[in-house]
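Tertiary structure, described
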Amino acid sequence: SEKALFIHVSSKDKDAYTKNHANHNSIVREVGCKVPLFTPSDPGCNNSLRLLFCGSLGNEMNKQALLHFYTKFWPIFKNSGLSISIRIVGSNPSVFVMELCEKAGWEIFKNQTNSEIDEHFQWAHFSLLPFNFSTGSKLKLIKSLSLSTPFLATSAVYSEKFSKLPRC
């Protein structure tokens, strides 16, 4: 219909559609979010890379994710020469999670409201999805993207399909 306006998610999408419907009325509006490049000297970042893990801190899945991050990735971050701030945000932290945060020097924020959680995402340069399995990570990924916070994920969470999406 001449009254319809098609909104394409990329120029590739528009080009493909145009092959079959050459005269359609359309515009291109890419999906995703703009990710500012982090450099330790960015104004307002206090020369610190800010990372966030958010989730229920009393369940086994998130406990295992934090332990996986601590054992496999935290030594690399810690020895990178960057100043790094890590916030662990969530409800009902177990004794294990409390002790792990203290040992690692990570800040823990317990039982935050939804608006406080959103503020933590705005504070962060990246959210952490350090799972060695994909179960439970997808909601965290969606939450991060919904608040325009880029994520750092393990290969268990990350999918090749993301590499094909601009700005993801």
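Everything numeric in this text was worked out from a predicted model, so none of it was measured. (Residues numbered from 1 in each chain as written. Predicted model: local features only at pLDDT ≥ 70, side-chain atom pairs only at ≥ 80, totals over all residues. Heavy atoms only, no water.)

A short note on the overall build of the chain
Stated formally: Numbered from the N terminus, helices here are DSSP runs of H or I no shorter than four residues, and strands are runs of E no shorter than two. For every residue, the accessible area (1.4 Å probe, protein chains only) is compared with the maximum for its type, and the residue is labelled buried under 20%, exposed over 50%, or partly exposed between those bounds. Pairs of residues are marked as contacts when any of their non-hydrogen atoms sit within 4.5 Å. For accessible areas, the Shrake-Rupley method is used with a probe of radius 1.4 Å. Any residue's cover is judged against the shown protein chains and nothing else.
In terms of helices and strands, the chain carries six helices and seven strands. When the elements of the chain are put in sequence order from the N terminus, they spell out β-α-β-β-α-β-α-β-α-β-α-β-α. Burial status across the chain gives 35% buried among its 168 residues. For the chain, the share of sequence-separated contacts (at least 6 apart) that also reach a separation of at least 24 residues comes to 57%. Total accessible area on the chain is roughly 10,400 Å²; 54% of this is exposed by carbon and sulfur atoms.

Focus on the nonpolar core
Threshold: By convention a nonpolar core is built from buried Ala, Val, Leu, Ile, Met, Phe, Trp, Tyr and Cys residues, the set being connected through side-chain atoms within 4.5 Å.
Counting 22 residues, the largest nonpolar core has Leu51, Phe53, Leu66, Trp74, Ile86, Ile88 and Trp106 as the members making the most contacts within it. Breaking this core down by element, the ones donating at least two residues are strand 3 (48-54), helix 2 (60-78), strand 4 (83-90), helix 3 (95-104) and strand 6 (126-129). Of the residues forming this core, the biggest block, five residues, is contributed by helix 2. When neighbours within four sequence positions are excluded, isoleucine 86 is seen to be in contact with Leu51, Phe69, Trp74, Trp106 and Glu107. Residues Leu52, Val89, Trp123 and Leu147 belong to the second largest nonpolar core, which totals eight residues.

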